[in-house]
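Single-letter residue listing:
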Amino acid sequence: MTDDIRTFAENLNAWGKSKTPFVFLVDYQIRKPRAWKLADVDPMEVLFDFNGFSNQLTSEKEELPADLYFHKFPVPFVDYQARFDYVVDNLKAGNSFLVNLSVPTRVETNLSLFEIFRNSEAPYRFWYKNEFVCFSPEIFITISGNHISSFPMKGTIDASIPDAENVILGDHKEAAEHATIVDLIRNDVSMVAEKVWVERYRYIDRLQTNDKTLLQVSSEIAGLLPDNFDGKYGDLLLKLLPAGSITGAPKPSTLQIIKDAEGYDRGYYTGVMGYFDGQNFESAVMIRFIENQNGDYIFKSGGGITALSNAQNEYQELIDKVYLPFSHVPHIMF
C-alpha cells in the first residue's frame, strides 16, 4: 500500500468516525485517490453534484451555442474486434465468466468540459480542474446507518427499438451477464456486511441522451454492516474496489485480461466518486466520462462481454454510450 492510499483510507476513516462531511475520488487502479473535507473543496478546481448534494453556487444551466456540435470518432471495428476476440478466447478458456471491455473514443465538440458539466442531466456529476468531466447514472454503494446497498447496472438498449424493455429483459446473453455481476457484487458486499440479500432484481432505468433514450438494467443488493463499522469508509472502499460492474468475474484474473486487451490507461474512468454528509454516504461508478488529453477530448466507454456476446452488437453499444446527457439542446450537429 502506497503512502497516498494509506493517507486516503486513514482520512476517510477519521472523518467518518468524527461525522465530518467529505468528498472523494478513487481512480480505477487505486493509484491516485483524492479526498477533501467538504469545507476545503475549491469550486474553481472541483465541482460536483451527487444526487442533489452539490457545491454549485447556482443550479442554472449554461446557455448553449445555437450551432452546438458533438462528433464522435470510434476506433475502427477491426481494432475493436481484435480486443473482443482476445477477451472471448479467455472466456472460452475458463479464465473469466464476464469481462468489461472498454475503449477510448475521440470526440469533438464546441463545448468546454465545464459547460458539459453544468448542462448534464445525470444523478452523479463531477468536474475536475478541466481535466475530466463525469456524468454517471450508476450508483456504486450507499450507506445509511448500518444499511449498505449497491446497484450494479448491466445491460443497455436503445429505447426506440420495438418492445425494447421486453427485448433486453428476454435476452439470454444479457440475463446471464446480469446474473454474473449480481453474484459478484453480492459476494463483494459480503466482505464488509454481515447479512446480504438481493432487494430488487433486473429493473429498468431510462437515460436521456442528446440524441436518444437508452434503457439500462439494474439490480439492488443490500446488506447490514457490523456494529463495529464506526464510519471506516476508507477501509470499506479499499475492500470493495475496483467496482465489480466495470471489471467482471472472477476479479483477479479478469483484471489481467482487461489490462492485456485494452492497452490504455483508464485513469479515473470506472473509478468511484462520492460524498459523506455527516450521516449518509453515497457513491457512484465513474462511467460516462470525458477526459481532456492535451486538448483532445477522449470519451471512454465499454460493456460487459460473455462467451455469448456478438462483436458488432457490443461495438454498437459502446458507441451508443458516447453521448451528452442533455435534454434541452438546440439543434445539434453530429
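Residues numbered from 1 in each chain as written. Predicted model: local features only at pLDDT ≥ 70, side-chain atom pairs only at ≥ 80, totals over all residues. Heavy atoms only, no water.

A.B. asks: Give me the confidence of the model for the protein chain: which residues, what numbers.
C.D. replies: Low pLDDT means the predicted atomic positions in that stretch should not be read closely. With 96% of its residues at a pLDDT of at least 70, the protein chain reaches an overall mean of 92. In this model residues 330-334 is a low-confidence stretch, pLDDT under 50, and it forms 18 contacts with partners more than four residues away in sequence or in other chains. (pLDDT = per-residue confidence, 0-100. Contact = heavy atoms within 4.5 Å.)

A.B. asks: Before we move on, can you summarise the packing of aromatic side chains with the specific residues and values?
C.D. replies: Evaluation of the coordinates by the stated rule reveals 28 aromatic pairs. Measuring from ring centre to ring centre gives 5.6 Å for F24 and F281, while their planes differ by 10°; the resulting arrangement is stacked. Residue F24 is found in strand 1 (residues 22-26), and its partner F281 is found in strand 16 (residues 280-285); the two are separated by 257 residues along the sequence. Here F24 matches F281 in class, with each residue buried. Grouping aromatic residues by their ring pairs yields a cluster made of W36, F48, F50, F53, F126, Y128, F132, Y268, Y269, Y275 and F289. The side chain of R106 reaches across the aromatic face of F73, ending 4.3 Å from its centre. Looking at K195, its charged tip hangs above the ring of W197, at a distance of 5.5 Å from the centre. (Phe/Tyr/Trp six-rings, centres within 6.5 Å; stacked < 30°, edge-to-face > 60°. Helix = DSSP H or I, 4+ residues; strand = E, 2+ residues; numbered from the N terminus. Buried < 20%, exposed > 50% of the residue type's maximum accessible area, 1.4 Å probe, protein only. Lys NZ or Arg CZ within 6 Å of the ring centre and 35° of its normal.)

A.B. asks: Residues and numbers for the pattern of salt bridges, please.
C.D. replies: In the structure shown here, the tally under the stated rule is 10 salt bridges. Between E317 and K321 there is a salt bridge, and its shortest N-O distance comes to 2.8 Å. Of the two residues, E317 and K321, neither departs from the other in class, the shared state being buried. (Salt bridge = Lys/Arg side-chain N within 4 Å of Asp/Glu carboxyl O.)

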